[in-house]
Amino acid sequence: MSPVKAAGAAAGPARTPVKPAPLQPIERETLWDRAYAALREALLSGRYEPGHRILLRDVAAELGISLTPVRDAVNHLVAERILRRGTGGQGGGAVVPEVDATQLHQLLIMRAELEGRAAQEAAAHATPEDIATLRGLLADMKRLIDVDGHQGYLEVHRRFHFHIYALSGMDIIEDAIETLWLRCGPVLNLVLPEYVPYLKRMDYHAEAVEALARNDADATARAIRCDILEAGHYIQALLRRGQA
């Protein structure tokens, strides 16, 4: 017998590999994720005014889920300082914090810097399809501002801005911008009725779209910064008048 055959004989029959047990499928979206995303969306679109009390049972009923994932989502938003703990501990839900003129001033400084930079970066990536989308959103905003109660305006307004910021490719900055919007959204809802005349006079949104269409980074950033800061000064005056 040759050495090769002898070695093979000594090794014995080939062993069939054992197939490992399959991994368990991961649930793509947990109930906690759903509740957290829904509450963030509501805050971003200005659904709640400052001082609004968010009750766990109401949110759970609207989402069709149990109290536990809603409580977890609210606890997370409280930890992020987006919401304030309601009376009665965790069972008392949460409250949308009040924002005074001084706090809003600080938020607007950060927004202008971050959103202006994201808009500047976006100018290099805007396609004709993006410009068409933004013009469509701009048309919706102009239509909704004349609707009784301005229902839906703030949601379209948010989509307009974040479509621009998404073009920047700066996801960390975009996350930071979203956190600032979570703090500002309720205030915008509160002052929107009195803010409408200003919106009809100033159209920095249209300037931003036209600058993007030209791939003009500086003009895009300037339009977004002016939109934030000039609107912010107007809103601060409204808040100070209400606090007087």
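Labelled according to an unreviewed UniProt entry, the chain appears under the name GntR family transcriptional regulator, originating from Bordetella genomosp. 9.

Before going further, it helps to spend a moment on the packing of aromatic side chains. Where two aromatic rings form a pair, the distance of their centres and the angle of their planes describe that pair. In the structure shown here, the tally under the stated rule is three aromatic pairs. A ring pair is formed by W32 and Y36, whose centres lie 5.1 Å apart and whose planes are at 5 degrees; its orientation type is stacked. Pair noted here: W32 and Y36 are both in helix α2 (residues 31–44), with a separation of four residues, about one helical turn. Of the residues examined, W32 reaches a relative accessible area of 27% and is grouped as partly exposed. Classification of Y36 as buried rests on a relative accessible area of 14%. Here the aromatic rings of F162 and Y165 are separated by 5.6 Å at their centres, their planes lie at 75 degrees, and the arrangement is edge-to-face. Of the two residues, F162 and Y165 both sit in helix α7 (residues 153–166), three residues apart, roughly one turn of that helix. Per residue, the accessibility class of F162 equals that of Y165, and both read buried. Ring-pair connections join several aromatic residues into one group, and the members of that group are F162, Y165 and W181.

As a further point, take the confidence of the model for the chain. For the chain, per-residue confidence averages 85 on the pLDDT scale, and 84% of positions sit at 70 or higher. Mean pLDDT values over the elements of the chain span from 49, in helix α1 (residues 3–11), up to 96, in helix α9 (residues 204–213).

Conventions and cut-offs
- Residues numbered from 1 in each chain as written.
- Predicted model: local features only at pLDDT ≥ 70, side-chain atom pairs only at ≥ 80, totals over all residues.
- Heavy atoms only, no water.
- Phe/Tyr/Trp six-rings, centres within 6.5 Å; stacked < 30°, edge-to-face > 60°.
- Helix = DSSP H or I, 4+ residues; strand = E, 2+ residues; numbered from the N terminus.
- Buried < 20%, exposed > 50% of the residue type's maximum accessible area, 1.4 Å probe, protein only.
- pLDDT = per-residue confidence, 0-100.

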